[in-house]
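Working through the structure, step by step
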Amino acid sequence: MSTARRRVMAGNWKMYKTQSETRAFFAAFLPMIGDAAHCDVVMAPPFTSIAAAVEAAKGSRVAIAGQNSHWQKEGAFTGEVSPQMLVEAGCTHVIVGHSERRQYANETDDMVSQKSRAALAAGLTPVVCLGENFTERETGKTQEVLSQQFIGGPGALTAEEFSRILLAYEPVWAIGTGRTATPDIAAAAHRFLRQCVRDQFSPEAAAGLRILYGGSVKPDNIQGLMAQEELDGALVGGASLDPKWFAAIVNTK
Ligand code: PGA
């Protein structure tokens, strides 16, 4: 089943890297990954560094993503960026519903589904994030939370829309903490999410969906994670800032 799903290695720089730092990153990173033919590679710089990233990645197979976009095409939304703006800046992907946005910008499941729909309408591939926090895991609520986030977020898309998204399982307790989910924990969550997709859409949608794992992915734990058939790639924060580290992650077979 998983052989049909092409791996995706995505980086999320969060609020790191100026334009000059972006150029320096790509100058070091691109020669280290060769043609990276075995997977899709995506990098999400902050908005102000997108143009520099697009320019630096030109001619390579690295796709550029926004870290967020609005659900409206345009309007009086100070500080926001529309999907079409990302498209014209050269992006092909956008991260939606990252836990930091859920936490600091109060993004709800409903906003996640609206943002995903708007991104798809503009031709972007949304990388839709969900995951439980520490208390939810400790109190046995992981599946309940994942199911809720799924149904209210990506699960609210049409089947056609859903077929064009990527999902990222990112347990909040593992993000930026150095506490990676074990490969077994991650695989169990991915299996559960795939079951949610089967219930909401179809077995075909579940089999075709690519689910990335995110949360303290590093060069020294990527191999174990990718050995799990359920994991179709990774969404990498901290370790994507270092060209050597991210290249080692991308180059993992
Ligand atoms: P991390 O971040 O790899 O630094 O834990 C992952 C993410 O937030 O996408």
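My aim in this report is to walk through the structure given alongside it, one point at a time.

1. Thoughts on the pattern of salt bridges
Counting across every chain of the model gives 13 salt bridges. When the shortest N-O distance is used, the salt bridge between Arg210 and Asp40 registers 3.0 Å. With Arg210 in the loop between helix 10 (203-208) and strand 7 (211-214) and Asp40 in strand 2 (residues 39-44), this residue pair connects regions lying 170 residues apart in the sequence. Assessed through its relative accessible area of 21%, Arg210 is described here as partly exposed. Judged by its relative accessible area of 23%, Asp40 is partly exposed. Between Arg194 and Asp232 there is a salt bridge, with the nearest N and O atoms lying 2.8 Å from each other.

2. Concerning the site of the ligand
Taken together, 13 residues are adjacent to the ligand, and Lys14, His98, Glu170, Gly176 and Ser216 come closest. At a separation of 2.8 Å, an oxygen atom of the ligand approaches a polar backbone atom of Gly238.

3. Let's talk about the packing of helix 5 (residues 109-121) against helix 7 (residues 142-152)
It is at 7 Å that the axes of helix 5 and helix 7 come closest, and there the two elements cross at 45°. With respect to helix 7, the axis of helix 5 lies oblique. As for how helix 5 packs across helix 7, the hand of that crossing is right-handed. Facing Asp109, Asp110 and Ser113 of helix 5, the residues of helix 7 in contact are Gln148, Gln149 and Gly152. For the contact of helix 5 with helix 7, the per-class residue count stands at no nonpolar, 4 polar and 2 charged.

4. Quick word on the side chain of Ser82
Relative to the assigned elements, Ser82 resides in the loop between strand 3 (62-66) and helix 3 (83-89). Overall, the relative accessible area of 5% leaves Ser82 in the buried class. Leaving out residues up to four positions away in the same chain, Ser82 has contacts with Ser69, His70, Gln72 and Lys73.

5. What to know about the packing of aromatic side chains
Aromatic ring pairs are reported here in terms of the distance separating the ring centres and the angle at which the planes meet. What the rule picks out here adds up to 9 aromatic pairs. Between the aromatic rings of Trp13 and Phe25, the centroid separation amounts to 4.9 Å while the plane-to-plane angle is 80°, which identifies the pairing as edge-to-face. With a gap of 12 residues between them, Trp13 in the loop between strand 1 (7-12) and helix 1 (19-33) and Phe25 in helix 1 connect regions that are remote in the sequence. Since its relative accessible area comes to 0%, Trp13 is described here as buried. Its relative accessible area of 2% is what places Phe25 among the buried residues. Geometrically, the ring pair formed by Phe29 and Phe246 is stacked, given 5.4 Å between the ring centres and 25° between the ring planes. Residue Phe29 is located in helix 1, and its partner Phe246 is located in helix 12 (residues 243-250); the two are separated by 217 residues in the primary sequence.

Calculation criteria
As a convention, each chain's residues are numbered from 1 in the sequence order in which they are written. Confidence filtering applies because this is a predicted model: local features only for residues at pLDDT of at least 70, side-chain atom pairs given and counted only at 80 or more, and all residues used for totals across whole chains, interfaces and linings. Note that water and hydrogens are dropped before the side-chain values are worked out from all heavy atoms of the structure. Between Lys or Arg on one side and Asp or Glu on the other, a salt bridge is scored when a side-chain nitrogen of the former is within 4 Å of a carboxyl oxygen of the latter. Labels follow the DSSP assignment, with helices taken as runs of H or I lasting at least four residues and strands as runs of E lasting at least two, numbered in each case from the N terminus. Accessible area is worked out with a 1.4 Å probe on protein chains only. A residue is then buried under 20% of its type maximum, exposed over 50%, and partly exposed in between. Each residue is tested against the molecule or strand, and it is near if at least one of its non-hydrogen atoms lies within 4 Å. Any pair of nitrogen or oxygen atoms within 3.5 Å is treated as a polar contact; in protein, a donor-acceptor pairing is required on top of that, and neighbouring residues in sequence qualify only through side-chain atoms on both sides. Axis lines are fitted through C-alpha atoms, for helices just across the contact stretch, and the angle between N-to-C directions can take any value from 0 to 180 degrees. Any angle that falls under 35 degrees is termed roughly parallel, while one over 145 is termed roughly antiparallel, one within 65 to 115 roughly perpendicular, and all others oblique. By convention, the crossing between two helices is left-handed when the near helix turns anticlockwise from the far helix through less than a right angle, and right-handed when the turn is clockwise. We call two residues in contact whenever any of their non-hydrogen atoms come within 4.5 Å of each other. In the scheme used here, Gly and all other residues not listed as nonpolar or charged are polar, with Ala, Val, Leu, Ile, Met, Phe, Trp, Tyr, Cys and Pro taken as nonpolar and Asp, Glu, Lys and Arg as charged. Note on ring pairs: Phe, Tyr and Trp rings are taken, using the six-membered ring of Trp, and paired if centres are within 6.5 Å. Classes follow the plane angle, with under 30 degrees stacked, over 60 edge-to-face and the rest tilted.

These figures capture arrangement, not role.
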